[in-house]
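# Working through the structure, step by step
One-letter residues, chain by chain:
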Amino acid sequence: MRNNQIGIIGVGYWGTNIVNVLYQLGIKKIYCFDTDRENQKEIKKKFPKINIETNFQKFLNIDLSGVIISVDTKNHYSIANTCLKNGFNIFLEKPSTNNSKKLQMLNKIAISKKLIIMSGYIYFYNDYIKYIKKIIKKKFLGKIFYVSCERLNLGPVRSDISSAWDLSSHDIAICNYLFDDNLSILNTGGYDFLKKNINDISFISAKIKDIKIDLKASWLNPEKIRKMIILGKKRMLLFDELDFKNPIKIYNKYAKYPKIKNFKKGFFTQKANIFLGSTLRPKIKTSSPLKNEMLEFIKCINHKKKPISLKKSINILKILEKI
Ligand SMILES: NC(=O)c1ccc[n+]([C@@H]2O[C@H](COP(=O)([O-])OP(=O)(O)OC[C@H]3O[C@@H](n4cnc5c(N)ncnc54)[C@H](O)[C@@H]3O)[C@@H](O)[C@H]2O)c1
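Each value, and the rule that gives it
Residues numbered from 1 in each chain as written. Predicted model: local features only at pLDDT ≥ 70, side-chain atom pairs only at ≥ 80, totals over all residues. Helix = DSSP H or I, 4+ residues; strand = E, 2+ residues; numbered from the N terminus. Buried ≥ 20, exposed ≤ 12 C-beta atoms within 10 Å, placed from the backbone. Contact = placed C-beta atoms within 7 Å. Near = placed C-beta within 6 Å. Nonpolar A, V, L, I, M, F, W, Y, C, P; charged D, E, K, R; others polar. Core = buried A, V, L, I, M, F, W, Y, C linked by C-beta atoms within 7 Å. Domains from an automatic or database assignment. Pairing = 2+ DSSP bridges. Right-handed = clockwise from strand over helix to strand, strands pointing away. Axes fitted to C-alpha atoms, helices over the stretch in contact; angles between N-to-C directions. Parallel < 35°, antiparallel > 145°, perpendicular 65-115°, else oblique. Expected span 1.5 Å × (residues − 1). Arc of directions from axis to C-beta.

## Focus on the overall build of the protein
- Tallying secondary structure elements over the protein gives nine helices and 14 strands in all.
- Along the three orthogonal principal directions, the C-alpha set of the protein runs to about 85 × 45 × 40 Å.
- For the protein, the proportion of its 323 residues judged to be buried stands at 34%.
- For the protein, contacts bridging at least 24 residues in sequence account for 66% of all contacts bridging at least 6.

## A look at the site of the ligand
- Neighbouring the ligand are 24 residues, the closest being Gly10, Gly12, Tyr13, Trp14 and Asp36.
- Only helix H1 (13-24) and helix H4 (73-85) provide two or more residues apiece to the shell around the ligand.
- Here the residues of the shell around the ligand sort into nine nonpolar, nine polar and six charged.

## Remarks on the nonpolar core
- In this structure, Ile8, Val67, Ile69, Ala80, Ile90 and Leu237 are the most contacted members of the largest nonpolar core, which totals 72 residues.
- In terms of residues, this core owes the most to one element, helix H7 (residues 163-179), which gives eight residues.
- Both domains that meet at this core, namely domain 1 (5-122 + 289-308) and domain 2 (127-280), each give it at least three residues.

## Some remarks on the pairing of strand E5 (residues 89-93)
- Across the five residues that make up E5, a large majority, five, are buried.
- In this sheet, E5 lies alongside strand E4 (residues 66-69) in parallel orientation, the contact comprising four bridges. What sits directly across from Val67, in E5, is Ile90.
- Remark: the E4/H4/E5 crossover connection has right-handed handedness.
- By the bridge criterion, four bridges tie E5 to strand E6 (residues 117-120) in an arrangement that is parallel.

## Re the packing of H1 against helix H8 (residues 289-302)
- Packing of H1 against H8 leaves a shortest axis separation of 10 Å and a crossing angle of 70 degrees. Here H8 runs roughly perpendicular to H1, going by the angle between their axes. Residues Asn17, Ile18, Val21, Leu22 and Gln24 of H1 pack against Leu290, Lys291 and Met294 of H8.
- Residues belonging to the contact of H1 with H8 are distributed by class as follows: five nonpolar, two polar and one charged.

## Quick word on the environment of Ser65
- Mapped onto the fold, Ser65 is located in the loop between helix H3 (56-60) and E4.
- With 231 residues separating them along the chain, Ser65 and Glu296 place their C-alpha atoms 14 Å apart.

## Observations concerning H8
- An ideal rise of 1.5 Å per residue puts 20 Å on 14 residues; H8 measures up with 20 Å between its terminal C-alpha atoms.
- Residues of H8 that are buried include every one of Glu293, Met294, Phe297, Cys300 and Ile301, and no others. Each buried residue of H8 lies within a common arc of 120 degrees when the element is viewed along its axis, so the set occupies one face.
- Where H8 is buried, its residues touch H1, E4, E5 and E6.
- Lys304 sits one or two residues past H8 and shows a positive phi near 50 degrees.

## Let's talk about the sheet that holds strand E13 (residues 248-256)
- Spatial strand order, E8-E9-E10-E7-E11-E12-E13-E14: eight strands in an open sheet with mixed pairing. Of all strands in the sheet, those with a lone pairing partner are strand E8 (184-191) and strand E14 (273-280), marking the two edges. Strand after strand, the sheet turns through a mean of 15 degrees between neighbouring axes, direction not considered.
- Relative to E14, E13 is paired through six bridges, and the arrangement is antiparallel. Each residue of the ladder has a partner; that of Lys253, found in E14, is Leu276.

## Re the sheet that holds strand E2 (residues 29-33)
- Pairing in this open sheet of six strands is parallel, and the strands run E3-E2-E1-E4-E5-E6 from one edge to the other. Of all strands in the sheet, those with a lone pairing partner are strand E3 (51-52) and E6, marking the two edges.
- In this sheet, E4 lies alongside strand E1 (residues 5-9) in parallel orientation, the contact comprising four bridges. From the neighbouring strand, Ile9 faces E4, where its bridge partner is Ile69.
- Against the sheet, H8 contacts E4, E5 and E6, and its axis sits at roughly 175 degrees relative to E6.

Right, here's the structure in full:
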């Protein structure tokens, strides 16, 4: 890298994970900026070699090859705008901005200044998701009928975007990636218990081609759940991210109505047959998705490579705007 110096703005929950990975990748000089004094102290305590800059103007004067922005979504745009105008390549955490037009505007600035914007959609770098895409392509599950995603946990509760923008944005990214198309919304719903107009629990019914998709997100759930179910004509797949032993299970199970010509005369109640076969638990070699994502950011900076995620991120925002 040009000078092996990376900046990060926002070192809360997720920014701290990013700093940890940058350390593991051997980035010697990491400069942090955060408006919260407690978070400044906390990150310095965890990573004593880190540089903390408390003045934003001074932070902008540091010779950085890239800046990671991991603050509240509502603040992404103005910080990204300032960073680009200051000549920094940027990595913008999902969901990038709270409006697709703002991201398109940032993109224009980046192009005019020959800088890159990478959007943080971590599942593009997840080996399980890549495996699922591969077996769908090979038709191992048969024709896909239906996908259901549940992304539930207790907090963090956001005050600027809904649970759908915060959590289902990941699942929209995954579905678009798996089926090489953009999801279209059929129906949406949700409940705003804690703050008016910010749904704590969200539902989205959607489709991609003729695949029906249901997404559920909540930050008011007593247990953390990360489950994706894919129903194929031949097999069913469960991706349970929190099952560390067997996160992917492929069930050789399906239901099928017998062909009408096979019915005996006088037999009027047609009943679906259930086929119950064995379950497959594939062993998949994996690497840290966040590490892969940060490596890609560094590679894009070094080789002036266009990150694949920006156009995808604009599409995701356009979908989220329809909720
Ligand atoms: N990729 C993922 O899996 C993943 C997971 C969690 C969060 N995120 C994303 O990361 C971002 C941050 O989320 P979080 O959970 O860490 O939130 P957080 O509230 O824990 O941290 C946000 C930090 O940004 C700081 N901040 C806010 N405005 C600022 C400003 N104008 N200047 C400097 N600092 C500012 C806050 O003080 C805080 O320390 C969000 O965009 C979120 O969607 C991504």
